[in-house]
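Report on the structure
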Amino acid sequence: MSRQLFDLVARDYDAYRPDYPAQLFDALESAMGQPLLRADVLDVGAGTGIATRALAGRGANVVAVDPGPEVLAVLRSRSTSRVRAVVGDGNALPLPDEMFDLVSYAQAFHWTDPDRSIPEALRVLKPGGVLAIWWNRHDPTVRWFAEHTQRLFQVCEKPPRADESWAAELLRGSPWQCHVATVEIPWSRRMSLEDYGRNLLTQSYVFALGDHAPAVVAEELEAIRADLGTDVIDEPFVTYTVLARP
Ligand SMILES: C[S@@+](CC[C@H](N)C(=O)[O-])C[C@H]1O[C@@H](n2cnc3c(N)ncnc32)[C@H](O)[C@@H]1O
């Protein structure tokens, strides 16, 4: 999905994309050695604010940066005064040095050029601060979900298998040599099949089918219903998290 597409599907994206499990925010607090309550957090690639709202909900003061004015308009309309939204680029943050206890990238780090975004993130961290980068991946070990995606990828172009361990390797390696830990958190979200179908329509590989996308999704929802005998599903995820301290 190109960056501009996030602007186009901003509202559906915000409504149907998964958020993040509570254990993720517990892991951030233990890596930081302090609670998120009153912490200064920079959320880069904040989009419509799915992660930003969770961080602010734990009491953090959050600066939310994204290059997309439309997604930030959605973020602003749904955020409290704990959140300040700034149009900007993770590769050249429009912010002073040593301001934040935590810099977070939720499903967004792969959109940046790490040769530029890593030194920028480290520059704006306070001494002792933490850079946290995470992605929600689907859990391939869940039988019905594996079969569902196998059917779908006979019709849609299969996205490359997600393996974001490169982010941990980069941060561990020269010249950054950060202390890096990775955490994988399995969880699921319960939703109606109908909402799951709407979420599928915001996925780039389904979106790319153009006019055929609604029929493909409707057929797939029928197949899931026939398989599970229910209209409610538990969509299975693993949140892969990289925690780095300079
Ligand atoms: C998959 S969305 C993630 C949004 C949000 N963090 C969340 O948890 O749902 C990726 C976001 O990265 C943003 N993005 C793209 N290029 C970027 C860059 N160079 N610097 C910062 N953000 C960028 C996009 O505009 C988009 O809002």
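Preceding this paragraph is the structure being described.
Residues numbered from 1 in each chain as written. Predicted model: local features only at pLDDT ≥ 70, side-chain atom pairs only at ≥ 80, totals over all residues. Heavy atoms only, no water.

All right, on to the overall build of the protein chain then. When you go through the protein chain residue by residue, the secondary structure sums to eleven helices and seven strands. The globule rule puts the C-alpha radius of gyration for 246 residues at 18 Å, and the 18 Å found for the protein chain is close to it. Reported as C-alpha extents along the three principal axes, the dimensions of the protein chain are approximately 55 × 35 × 30 Å. Within the protein chain, the fraction of its 246 residues that count as buried is 51%. Put simply, 74% of the contacts in the protein chain that link residues at least 6 apart link residues at least 24 apart. Of the roughly 11,500 Å² of accessible surface on the protein chain, 51% is carried by carbon and sulfur atoms. When the 24 positive and 34 negative side-chain charges of the protein chain are each reduced to one mean point, those points stand 4 Å apart. (Helix = DSSP H or I, 4+ residues; strand = E, 2+ residues; numbered from the N terminus. Rg over C-alpha atoms; globule rule 2.2 N^0.38 Å. Buried < 20%, exposed > 50% of the residue type's maximum accessible area, 1.4 Å probe, protein only. Contact = heavy atoms within 4.5 Å. Areas by Shrake-Rupley, 256 points an atom, 1.4 Å probe, with all protein chains shown as cover. Lys, Arg positive; Asp, Glu negative; His and termini not counted. Charge placed at Lys NZ, Arg CZ, Asp CG, Glu CD.)

Moving on: the site of the ligand. Around the ligand, the surrounding shell holds 20 residues, and the nearest of these are Tyr 20, Gly 45, Asp 66, Gly 90 and Ala 106. For the ligand, a nitrogen atom lies 2.7 Å from a polar atom in the backbone of Gly 45. Here Gly 90 contributes a backbone N or O atom positioned 2.9 Å from a nitrogen atom of the ligand. Compared with its free state, where it exposes 600 Å², the ligand has 96% of that area covered by protein. Elements supplying a minimum of two residues to the shell around the ligand: helix H1 (3-8) and helix H4 (50-57). Looking at side-chain class alone, the shell around the ligand contains eleven nonpolar, six polar and three charged residues. (Near = heavy atom within 4 Å. Polar contact = N/O pair within 3.5 Å; in protein donor to acceptor, adjacent residues only side chain to side chain. Nonpolar A, V, L, I, M, F, W, Y, C, P; charged D, E, K, R; others polar.)

This part takes up the packing of aromatic side chains. In the structure shown here, the tally under the stated rule is eight aromatic pairs. For the ring pair Tyr 20 and Trp 134, a centre distance of 5.7 Å and an interplane angle of 80° mean the geometry is edge-to-face. In this pair, Tyr 20 sits in the loop between helix H2 (10-16) and helix H3 (22-32) while Trp 134 sits in strand S5 (residues 125-138), placing the two residues 114 residues apart along the sequence. What makes Tyr 20 buried here is its relative accessible area of 11%. (Phe/Tyr/Trp six-rings, centres within 6.5 Å; stacked < 30°, edge-to-face > 60°.)

Packing of helix H7 (residues 143-155) against helix H11 (residues 213-228) brings their axes to within 11 Å, and their N-to-C directions diverge by 155°. Classified by the angle between their axes, H7 and H11 sit roughly antiparallel to one another. In this structure, the crossing between H7 and H11 has a hand that is right-handed. Counting all contacts with H7, which are made through Arg 143, Trp 144, Glu 147, His 148, Arg 151, Leu 152 and Val 155, the residues of H11 involved are Val 216, Glu 220, Ala 223, Ile 224, Asp 227 and Leu 228. Split into classes, the residues belonging to the contact of H7 with H11 amount to seven nonpolar, one polar and five charged. (Axes fitted to C-alpha atoms, helices over the stretch in contact; angles between N-to-C directions. Parallel < 35°, antiparallel > 145°, perpendicular 65-115°, else oblique. Left-handed = near helix turned anticlockwise from the far one by under 90°.)

Here we come to the environment of Arg 116. Its place among the elements puts Arg 116 in helix H6 (residues 114-124). The class for Arg 116 is partly exposed, based on a relative accessible area of 44%.

What follows concerns the pattern of salt bridges. As enumerated under the stated definition, the model contains 19 salt bridges in all. Across the pair Lys 126 and Asp 40 runs a salt bridge whose closest N-O atoms are separated by 3.0 Å. Of this pair, Lys 126 sits in strand S5 while Asp 40 sits in strand S1 (residues 40-44), and the two are 86 residues apart along the sequence. Close ionic contact of Glu 222 with Arg 225 constitutes a salt bridge, the shortest N to O distance being 2.4 Å. Linking Glu 222 with Arg 225, this pair stays in helix H11, spanning three residues, or about one helical turn. The exposure class assigned to Arg 225 is partly exposed, which follows from its relative accessible area of 30%. Here the residues in one salt-bridge network are Asp 26, Glu 29 and Arg 58, joined through shared partners. (Salt bridge = Lys/Arg side-chain N within 4 Å of Asp/Glu carboxyl O.)

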